[in-house]
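Okay, here's what each chain looks like letter by letter:
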Amino acid sequence: MTGDLLAVGERVVLRRWRAEDAEAVFEACQDPEIQRWTTIPTPYEREYAVGFVTAYSDHQWTTGEGAPCALALPDGTLVGSMGVVRFDGPTPVVGYWTAPAHRGRGLTAEGLRLLTTWLATERGSVRVRLEADARNGASRAVARRAGFVEQGVGPEGLVVYSTEIDTLFG
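Residues numbered from 1 in each chain as written. Predicted model: local features only at pLDDT ≥ 70, side-chain atom pairs only at ≥ 80, totals over all residues. Heavy atoms only, no water.

(A) Broad picture of the overall build of the protein. Secondary structure summary: the protein contains 6 helices and 8 strands in total. Counted from the first residue to the last, the protein has its helices and strands arranged as β-β-α-α-α-β-β-β-α-β-α-β-β-α. Radius of gyration (C-alpha) of the protein: 15 Å, near the 15 Å computed for a compact globule of 170 residues. With respect to the principal axes defined by its C-alpha atoms, the protein has extents near 40 × 40 × 30 Å. (Helix = DSSP H or I, 4+ residues; strand = E, 2+ residues; numbered from the N terminus. Rg over C-alpha atoms; globule rule 2.2 N^0.38 Å.)

So, in structure tokens, the structure goes:
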């Protein structure tokens, strides 16, 4: 893939953040569920959204610490945020949130499969890990639909999921 586009699915695209995404991120992050299950500042101000899609995202990509992405419809409408939260040695740790208007349609699970495939083909990853709060049933359902398998509950009450890349291609 060239430019800011990482992957194209049947219904969604996975791409790097753009400055023009800030308003959609700001609006989505007003949602109480996103505030409840993620580590975003509360209240969430516009300048946080601008910083997230520009300085933070650029820093993560430039340093290789992470790979934050926008999950969008082909027309550019923001579905949510998805990406590598941190590269933990050979096993990247991924995370996501979904804007309220796009929940329950399987778009985030499709995006998670795209991200996992990108990690295998572009980064050589053989395993991907994610962590979801044990009480967050929606996030856990996305993980299962994307082919991730529950590995157990960590000390912080986070359910650990992982997927072996070869199971997605086998």
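(B) Highlighting the packing of aromatic side chains. Evaluated as defined, the whole model comprises 4 aromatic pairs. Between F52 and Y56, the aromatic rings sit 5.6 Å apart at their centres with planes inclined by 20°, giving stacked as the arrangement. Of this pair, F52 and Y56 both sit in helix 3 (residues 46-63), 4 residues apart, roughly one helical turn. Looking at F52, the relative accessible area reads 18%, which means it is buried. (Phe/Tyr/Trp six-rings, centres within 6.5 Å; stacked < 30°, edge-to-face > 60°. Buried < 20%, exposed > 50% of the residue type's maximum accessible area, 1.4 Å probe, protein only.)

(C) How the structure looks around the environment of V160. As for its placement among the helices and strands, V160 is situated in strand 8 (residues 158-164). Distance from V160 to L130, taken between C-alpha atoms, is 6.0 Å for residues 30 residues apart in sequence. Setting aside chain neighbours within four positions, we find V160 in contact with R129, L130, E131, V149, E150, Q151, G152 and G154. (Contact = heavy atoms within 4.5 Å.)

(D) A look at helix 4 (residues 107-123). Under the 1.5 Å per step criterion, the end-to-end length of helix 4 is 23 Å for 17 residues, consistent within 8% with the ideal 24 Å. Within helix 4, 12 of the 17 residues are buried, leaving the element largely enclosed by the surrounding structure. Within the span of helix 4, buried status applies to L107, T108, A109, E110, G111, L112, L114, L115, T116, W118, L119 and A120. Trailing helix 4 by a residue or two, G124 shows a phi angle of about 75°, which is positive. (Expected span 1.5 Å × (residues − 1).)

(E) Region of the structure containing the pairing of strand 4 (residues 78-88). Bridge count between strand 3 (residues 67-72) and strand 4: 6 bridges; the pairing is antiparallel. Bridging from a neighbouring strand, L71 pairs with G80 of strand 4. Bridging between strand 4 and strand 5 (residues 91-98) involves 8 bridges; their strand directions are antiparallel. Looking across to strand 5, one finds that F87 is bridged to P92. Here strand 4 folds back onto strand 5 in antiparallel fashion, the turn holding 2 residues, of which G89 has a positive phi close to 65°. (Pairing = 2+ DSSP bridges.)

(F) Looking closely at the side chain of R140. Note on placement: R140 falls in helix 5 (residues 137-145). Judged by relative accessible area, R140 falls into the buried class, the value being 18%. Excluding anything up to four places from it in sequence, R140 contacts A132, D133, A134, E150, V159 and Y161.

(G) A look at the packing of helix 4 against helix 5. Where helix 4 meets helix 5, the closest approach of the two axes is 8 Å, and the angle between their N-to-C directions is 50°. Between helix 4 and helix 5, the crossing angle belongs to the class labelled oblique. Two packed elements cross with a definite hand, and for helix 4 against helix 5 that hand is right-handed. Taking contact as the criterion, the partners of T108, A109, L112 and R113 in helix 4 are, on helix 5, V142, A143 and R145. In terms of residue class, the contact of helix 4 with helix 5 is built from 4 nonpolar, 1 polar and 2 charged. (Axes fitted to C-alpha atoms, helices over the stretch in contact; angles between N-to-C directions. Parallel < 35°, antiparallel > 145°, perpendicular 65-115°, else oblique. Left-handed = near helix turned anticlockwise from the far one by under 90°. Nonpolar A, V, L, I, M, F, W, Y, C, P; charged D, E, K, R; others polar.)

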